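Survey of secondary and tertiary structure
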Amino acid sequence: MDDLDIEEGSDEEVEQMTAAEALAMVEKAWLNEKFSPELLPHKQDLVDVMLDQLNGMQENISRAKKGDLKASIHKMEIDRIRYVLASYLRIRLEKIEKFVHHLLEEEAELGEDVPSRMSPEELQHAKNFAANMETLFNDVVLRHMPRNLKKLEGSKVAASPNKDSYVFLQVQEQVDQVMVDTAGDQGDEAIDLEKGSQHIMRYRVVAPLINNDAVTLI
């Protein structure tokens with residue numbers, strides 16, 4: 001695969017990486033999103049890079065001779081990458097629809113310099129979905145209710161992710177003095193997470209470590 005440019009972190013920070021490295025990052029983002037109870041910051045730039053790469057691979061296959069074994073292998077790889085991308089986006093869409101009111105409330109409270117968890121397209125979908133749900137609820141339920149019960153407050157019906165659920169993780173970079181819950185009345189305890197080790201911990205404890213790639217959910 002050819003080298004490609006991908007934006008990582010900000011427009012000013014551009015990192016050179018191979019398509020294989022970009023794919024590894026996509027798979028990591030997919031697993032983190034799959035096993036995280038909350039919606040993680042979007043990786044739209046990474047997805048766009050892989051989609052462009054897939055188009056290039058597809059063009060190369062179209063020029064290959066019929067029956068070429070190498071082309072067949074590349075087609076299998078394309079199908080695998082498409083599955084990962086589709087699954088990643090589908091998982092995010094399901095979370096957005098499940099936690100739509102919670103996410104929109106969180107979005108409204110963001111400061112100017114704080115990036116959104118959602119891509120612009122995801123944010124627009126969340127707004128449309130919330131509006132459609134409110135219209136449906138009004139038409140089907142609220143119009144049959146007494147006048148004093150006809151107001152729908154999204155904050156009171158909003159589902160929110162359970163950050164106290166437990167997750168499996170693998171440590172990618174050494175992290176020292178992580179505060180974790182202990183059994184009984186002993187309170188919290190500081191432990192060191194050694195690179196390569198695997199643990200089961202509360203999501204709330206390791207959430208910041210996922211965002212900076214120190215750990216990966218498995």
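So, here's what we can say about the structure.

Rules used in this analysis
Residues numbered from 1 in each chain as written. Predicted model: local features only at pLDDT ≥ 70, side-chain atom pairs only at ≥ 80, totals over all residues. Heavy atoms only, no water. Buried < 20%, exposed > 50% of the residue type's maximum accessible area, 1.4 Å probe, protein only. Helix = DSSP H or I, 4+ residues; strand = E, 2+ residues; numbered from the N terminus. Contact = heavy atoms within 4.5 Å. Salt bridge = Lys/Arg side-chain N within 4 Å of Asp/Glu carboxyl O. Pairing = 2+ DSSP bridges. Axes fitted to C-alpha atoms, helices over the stretch in contact; angles between N-to-C directions.

Buried residues of helix 7 (residues 203–211): Tyr203, Val206, Ala207, Leu209 and Ile210, and no others. Looking at the buried side of helix 7, the elements it contacts are helix 1 (19–35), strand 3 (166–171), strand 4 (175–181), strand 5 (188–193), strand 6 (198–202) and strand 7 (215–217). Two residues or fewer past helix 7, Asp213 is found with a positive phi of approximately 65°.

Charged atoms that come close allow side chains of opposite charge to pair. Applying the stated criterion to the full structure yields ten salt bridges. With its nearest N and O atoms 3.0 Å apart, the salt bridge here joins Lys95 to Glu33. Note that Lys95 is positioned in helix 3 (residues 69–98) and Glu33 in helix 1, a separation of 62 residues in sequence. Each member of the pair, Lys95 as well as Glu33, carries the same accessibility label: buried.

Now for the sheet that holds strand 6. The three strands lie next to each other as 6-3-7, forming an open sheet whose pairing is antiparallel. Only two strands of the sheet have a single neighbouring strand rather than two, namely strand 6 and strand 7. If you compare each strand with its neighbour and ignore which way they point, the axes differ by 40° on average. As paired strands, strand 3 and strand 6 are joined by five bridges and run antiparallel to one another. When the bridges of strand 6 are listed, Gln170 appears paired with Gln198. Across the sheet, helix 1 lies against strand 3 and strand 7, angled at about 65° from strand 7, the strand it touches most. In the packing of helix 7 onto the sheet, the strands contacted are strand 3, strand 6 and strand 7, and the crossing angle to strand 6 comes to about 120°.

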